[in-house]
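Letter by letter, the chains look like this.
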Amino acid sequence: MHTPTDAAHDLRHHGDAEVREGGLTDLAVNVRAATPPAWLKARIAASLDTLAAYPDGRAARAAVAERHGLPVERVLLTAGAAEAFVLIARALAVHRPVVVHPQFTEPEAALRDAGHEVGRVLLREEDGFRLAPGDVPEDADLVVVGNPTNPTSVLHPAQSIARLARPGRTLVVDEAFMDAVPGEPEALAGRTDIPGLVVLRSLTKTWGLAGLRIGYVLAGPETVAALERAQPLWPVSTPALAAAQACVAPQALAEATRAAHRVAADRAHLLAGLAEFEEVRAVEAAEGPFVLVRMERADEVRVRLRGLGFAVRRGDTFPGLGPQWLRLAVRDRATTGRFLQALDQALTLVGRR
């Protein structure tokens, strides 16, 4: 379903707002728990000895390029994926942008801030929030889609996304959570045969670096050059560059793979627990490190959960969703067990139906 943009959703609301008060068990933010690991902290700390020099991103850029089998001209390092959305909105010639929702709201917010009128394609619950390429207007010259999509956790087939490519169209695929999917079977990162493809990756989720701000863009050399011209000088700090180089090394990739398998097992445990509640319906196709759930009076349940010590992400700020939706980050089995007990109490407190 294609709809024009409206201002009914708070596009600037993010999960961190749910945990700012502190003291809550965090199921609102999709950053892997117990990160960054000690070895990564040590690499970042070692970079502090060179802070007197201006950042030099050549080694990190080359490491990212090697990780994806690309020439360095196809890589741009950014201060997290969020900076990349701003660069795309401001640096590329765009006349008819369309964002596939529900998904991360920052791409639309960035486009709107840059003065664009943004169209929306709303994926439907009854279709499992799955993408049908024909839903996207043919005249869209920029299309943004997440894979796996935040907050639905749906992993779209790479073939379906690739079918969105057109001559004269920029196809932006947000793969911020792809490294949390074992084997990354539907990844487009590294592909050079799809016209107009721009892939965004984040290193903040798997490695717990949200406070450091590091991500990257993979795109054609002309697009990378246009985005780079829009960046300020030295946009990525020396510690962030050290982290980027470390996180794409073979040993780190192996650790990320092991973590992805743990997340898949922990997600299955969470989904099995949620299935015990008649009042709760989860998007079963979840493949990311989070799960989207629907229940009546979800806003009241969320408040009750806070009183019981748990923060979860409200869903009504995502276009295409309403107040009956919540997003839950996948955590370890012990944390999930405690959460499910709290959810049972919260549902009782608001009155089961």
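These numbers come from a predicted model, not from an experiment. (Residues numbered from 1 in each chain as written. Predicted model: local features only at pLDDT ≥ 70, side-chain atom pairs only at ≥ 80, totals over all residues. Heavy atoms only, no water.)

J.: Let's hear about the overall build of the protein: which residues, and what values?
T.: A tally of regular secondary structure across the protein gives eleven helices and 13 strands. Relative to the compact-globule value of 20 Å for 353 residues, the protein shows a C-alpha radius of gyration of 20 Å, a close match. For the protein, the C-alpha atoms occupy an extent of roughly 55 × 50 × 35 Å along the three principal directions. The burial tally for the protein puts 56% of its 353 residues in the buried class. The long-range fraction of contacts in the protein, counting pairs at least 24 apart against all pairs at least 6 apart in sequence, stands at 75%. Approximately 14,900 Å² of the protein is accessible, and the part contributed by carbon and sulfur atoms is 51%. Both charge centroids of the protein, one from 40 positive and one from 43 negative side chains, sit 2 Å from each other. (Helix = DSSP H or I, 4+ residues; strand = E, 2+ residues; numbered from the N terminus. Rg over C-alpha atoms; globule rule 2.2 N^0.38 Å. Buried < 20%, exposed > 50% of the residue type's maximum accessible area, 1.4 Å probe, protein only. Contact = heavy atoms within 4.5 Å. Areas by Shrake-Rupley, 256 points an atom, 1.4 Å probe, with all protein chains shown as cover. Lys, Arg positive; Asp, Glu negative; His and termini not counted. Charge placed at Lys NZ, Arg CZ, Asp CG, Glu CD.)

J.: With reference to specific residues and values, describe the environment of Arg 74.
T.: If you trace the backbone, Arg 74 turns up in the loop between helix H2 (58-68) and strand E3 (75-78). Measuring from C-alpha to C-alpha, the distance between Arg 74 and Thr 192 comes to 9.3 Å, with 118 residues separating the pair along the chain. What Arg 74 contacts, discounting residues up to four positions off in sequence, is Thr 192, Val 217, Leu 218, Ala 219, Gly 220, Pro 221 and Val 224.

J.: Residue-level account of helix H3 (residues 80-91), with values.
T.: Counted at 1.5 Å a residue, the expected span for H3 with its twelve residues is 16 Å, and the 17 Å between its end C-alpha atoms agrees. Of the residues making up H3, those classed as buried are Gly 80, Ala 81, Glu 83, Ala 84, Phe 85, Leu 87, Ile 88 and Ala 89. (Expected span 1.5 Å × (residues − 1).)

J.: I'd love a proper account of unusual backbone geometry, names of residues and values included.
T.: For the peptide bond that leads from His 101 to Pro 102, omega is -5°, which places it in the cis range. Here Pro 102 is to be found in the loop between strand E4 (97-101) and helix H4 (106-113). For Arg 213, which is not a glycine, the phi torsion comes out positive at approximately 65°. Structurally, Arg 213 is set in the loop between helix H6 (204-207) and strand E9 (215-219). Taking relative accessible area as the criterion, Arg 213 reaches 31% and is therefore assigned partly exposed. One non-glycine residue, Trp 234, adopts positive backbone phi at about 50°. Turning to its location among the elements, Trp 234 is positioned in the loop between helix H7 (221-230) and helix H8 (238-247).

J.: Could you give an account of the pairing of strand E13 (residues 325-329), naming the residues involved and the relevant values?
T.: Burial analysis of E13 places five of its five residues in the buried class, which makes it a mostly covered element. Here E13 shows no split at all, with Trp 325, Arg 327 and Ala 329 on one side and Leu 326 and Leu 328 on the other all buried. Two strands pair when backbone bridges link them, and strand E11 (residues 290-294) and E13 are joined in this way by five bridges, in the antiparallel orientation. Bridged to Val 291 within E13 is Leu 328. Inspection of the sheet shows strand E12 (residues 310-314) paired to E13 by two bridges, in the antiparallel sense. Bridge pairing in E13 links Arg 313 to Arg 327. (Pairing = 2+ DSSP bridges.)

J.: Provide a residue-level description of helix H10 (residues 298-307), including the pertinent values.
T.: Since the α-helix packs 3.6 residues into each turn, any two residues three or four apart lie on the same face. Burial in H10 covers these residues: Ala 298, Val 301, Arg 302 and Leu 305. End-on view of H10: buried residues confined to an arc of 105°, all on one side of the axis. Exposed residues pointing more than 90 degrees away from the buried face of H10 are listed as Val 303 and Gly 307. Where H10 is buried, its residues touch E12, E13 and helix H11 (333-350). Looking one or two places after H10, you find Gly 309, whose phi comes out positive at around 100°. (Arc of directions from axis to C-beta.)

J.: Go over a nonpolar patch on the surface with me, naming the residues and quoting the values.
T.: Taken together, the side chains of Tyr 54, Leu 233 and Trp 234 make up a nonpolar region of the molecular surface, amounting to roughly 420 Å² of accessible area. Within the secondary structure, Tyr 54 sits in the loop between helix H1 (38-47) and H2. (Patch = residues over 30% accessible without salt bridge, like charges linked within 9 Å, V, L, I, M, F, W, Y side chains within 5 Å. Salt bridge = Lys/Arg side-chain N within 4 Å of Asp/Glu carboxyl O.)

J.: Explain the side chain of Arg 331 to me, using residue names and the numbers behind them.
T.: Summarising the element assignment, Arg 331 is placed in the loop between E13 and H11. On the basis of relative accessibility, which here comes to 10%, the residue Arg 331 falls in the buried class. A polar contact is formed between the side chain of Arg 331 and the backbone oxygen of Asp 26, at a distance of 2.8 Å. Only 2.8 Å separates the side chain of Arg 331 from the backbone oxygen of Val 29, close enough to count as a polar contact. Residue contacts for Arg 331: discarding those within four places in its chain leaves Asp 26, Leu 27, Val 29, Val 31, Ala 33, Asp 266 and Thr 336. (Polar contact = N/O pair within 3.5 Å; in protein donor to acceptor, adjacent residues only side chain to side chain.)

J.: Quick rundown of the UniProt feature "domain: Aminotransferase class I/classII large" (unreviewed entry) in the protein? Include the residues and the values.
T.: When the UniProt feature table is mapped onto this chain numbering, "domain: Aminotransferase class I/classII large" (unreviewed entry) sits at residues 29-343. From the first C-alpha to the last, residues 29-343 spans 18 Å; its make-up is 37% helix and 16% strand. (UniProt positions renumbered as here; feature names shortened; annotations may be inferred.)

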